[in-house]
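Observations on chain architecture
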Amino acid sequence: MARISIENVSVDFPLYHGSARSLKKTVLAAASGRLGEDQRQRVVVEALRNIEIHLQTGDRLGLIGTNGAGKTTLLRTIAGIYEPVHGRVLVEGGLNALLDPQLGMNMDLTGRENIMLRGLYNGYSKQQIRLLEQDVQDFAELGEFLDLPVRFYSSGMVVRLGFGLATAIRPEVLLMDEWFMAGDASFVAKAHTRLESIVRGADILVLSSHITSAVLQWCTRVIWMDHGRIKMDGNAQDVVDCYLGTPTLAPALT
Amino acid sequence: MGYGPADMDAISEHTLPRLSHATLDVRSALRPAQRHALAWRDIAGGLGLWRLGVTLGWLDIKLKYRGSVLGPFWLTISTGVMVAAIGGVYGTLFHMALKSYLPFLALSLVLWNVIGGLVSEACTTFTQSDGMIRSVRMPFFVHALRVVVRTIISFLHNLPVIVVTFAIFGVSPGWVCLQSLFGFAVWTVDAFAACFLLGALCARFRDIPPIVGSVMQIAFYITPIVWRADQLGSKGWWLPLNPFDSLLEIVRQPMLGEVASVEVWTLSLVVSAVFCAVAWFVFARVRARLAYWM
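Residues numbered from 1 in each chain as written. Chains lettered and ligands numbered in written order. Predicted model: local features only at pLDDT ≥ 70, side-chain atom pairs only at ≥ 80, totals over all residues.

What about the overall build of chain B?
Rule in force here: Numbering goes from the N terminus for both helices and strands, where a helix is a DSSP run of H or I of at least four residues and a strand is a run of E of at least two. Exposure classes come from backbone-placed C-beta atoms, where a residue is buried if 20 or more other C-beta atoms lie within 10 Å of its own, exposed if 12 or fewer do, and partly exposed in between.
Looking only at helices and strands, chain B has 11 helices and 1 strand in total. Across chain B, helices and strands are ordered from the amino to the carboxyl terminus as α-β-α-α-α-α-α-α-α-α-α-α. Counting only C-alpha atoms and orienting by the principal axes, one finds that chain B spans roughly 85 × 45 × 35 Å. Taken across its 294 residues, chain B has 36% of its residues classed as buried.

This is the structure:
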């Protein structure tokens, strides 16, 4: 049984610009007893505020909202990358977070080396890493490029490698950012089956996207994020309708 | 759902296993005791991923010398050239017999390369892995391990310089040199502490790496590396105040065939204990914030 429980979570981003990163300013402030004040005056962005979400096996949650609404930060917080300033994040189940196309790949290393690193991260044995390699190779069709540094790849090849690698690992809890929906038409068609299988195999899906059609296709529940808060939470169709401001039940314009 | 997890696991013989049995529990506003427990968990988790840390360190070295014919043996050559050059200049200046001075110098320089190299690389422990830190949750210990492994590989490539110099001048330390392994053990622990402490401080305050750089530059001159402690005579009373001196001696003396004194050992253990304690407290305190500083 997989479970996600987000209890009253808030996340602040400190903005370290210029003086806040300076050691001199901090030392001087500490010496003159102003450290506390300095910390309170520090500029922070309130990325998430009092988020409360509970998910269990079978749940498919979509996150929608404008840029900067906190969707990606919420995904990163669920993934345990950002630890919250307030509250608690509990995730039971093996987690795979597909956050950005590069997914921490090292551009100077070859495709094969990047695949190996991902395998090691997941604690795979040599045999399993070979399987992972084979699987990604079959999908990404990089041919001999697999042994060249990723920086020599075309952007399409980078996406294929990143996507193939990320989707080769089947998790119980799948977190996905919207770039997975992007890409040119032929790639999307090819990727679709693969994505569908990993999504169906996951116990819990959390998908963040601008593209409301994608959210409607994959998700049963949708949360509308606005300025780091939950603006609306409910049935996918209802929330998307409100978000778009055009309820489908209203008479269509002719 | 199309097919459940049970079906997928049944065919796992030739497919990859599903990620499972993991629990992530992150809380805020921790009491100090909980922070220390989480810092421990970070280290334990990092040790569990040791293959990843070692591979990352190894790939760093491989990457640095990719496309170069001699590869990391450039390290060996440049250290060798350095020993010959400094040996020639200072040997003449100090009127020292090269027979005893050069082996001392080769050993000291190689060992100082380890300390100096580690300290400067410790500063970028976390900042150099920013992409990785922002895209997956990973024990921070893995990044420290990566730096330590890199340093060990560099050291092993410099080892031939010592061996060759010792062979040329017929220096044989004997079995007592094995005592230096205890010294290396202390160094390893200190190295992880340095990665945690400097890595975290440098991620937060971008002024620190240049400061560390100049401190190490000064340390190079006030530590007996190119000169010997006995050259100072009675003016050397301040040497025990230099922590690098005793730390260097616990490895260097056995490798030169002498037993490191109790005094040197006590001093270096005390210095290391204080250093590790400071590093530990800083790491436990800022661990949860590190991702925000990238």
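Now that the structure has been shown, the text picks up again.
Some thoughts on the interface of chain B and chain A
The test is simple: Contact between residues is assigned whenever the C-beta positions, reconstructed from backbone atoms, fall within 7 Å. By this definition, two strands are paired if DSSP reports at least two bridges between them.
Contacts between the two partners involve 38 residues from chain B and, on the opposite side, 48 residues from chain A. By the bridge criterion, 5 bridges tie strand β4 (residues 86–92) of chain A to strand β1 (residues 23–27) of chain B in an arrangement that is antiparallel. Note on β1(B): the bridge partner recorded for E92(A) is T23(B).

A closer look at the sheet that holds β4(A)
Operational definition: Axes here mean lines fitted to C-alpha atoms, for a helix over just the part in contact, with angles spanning 0 to 180 degrees between N-to-C directions.
With antiparallel pairing, 4 strands are arranged side by side in an open sheet as β2(A)-β1(A)-β4(A)-β1(B). Taken across any chain shown, the strands that pair with only one partner, and hence form the sheet edges, are β2 (44–56) of chain A together with β1 of chain B. Neighbouring strand axes in the sheet, compared pairwise and without regard to direction, differ in orientation by 15 degrees on average. Pairing of strand β1 (residues 3–14) of chain A with β4(A), which is carried by 6 bridges, proceeds in the antiparallel orientation.

Re the sheet that holds strand β6 (residues 173–176) of chain A
Residue and element names in this part refer to chain A. Spatial ordering of the open sheet is given by β5-β6-β7-β3-β8-β9, a layout of 6 strands whose pairing is mixed. Of all strands in the sheet, those with a lone pairing partner are β5 (95–98) and β9 (229–235), marking the two edges. In this sheet, adjacent strand axes meet at a mean angle of 15 degrees when their direction is disregarded. Bridge count between β5 and β6: 4 bridges; the pairing is parallel. Its bridge partner being in β6, A97 is matched across the sheet by L175. Sheet strands touched by helix α3 (residues 71–78): β3 (60–64), β5, β6, β7 (204–208) and β8 (221–226). Its angle to β7, the strand with the most contacts, is close to 150 degrees.

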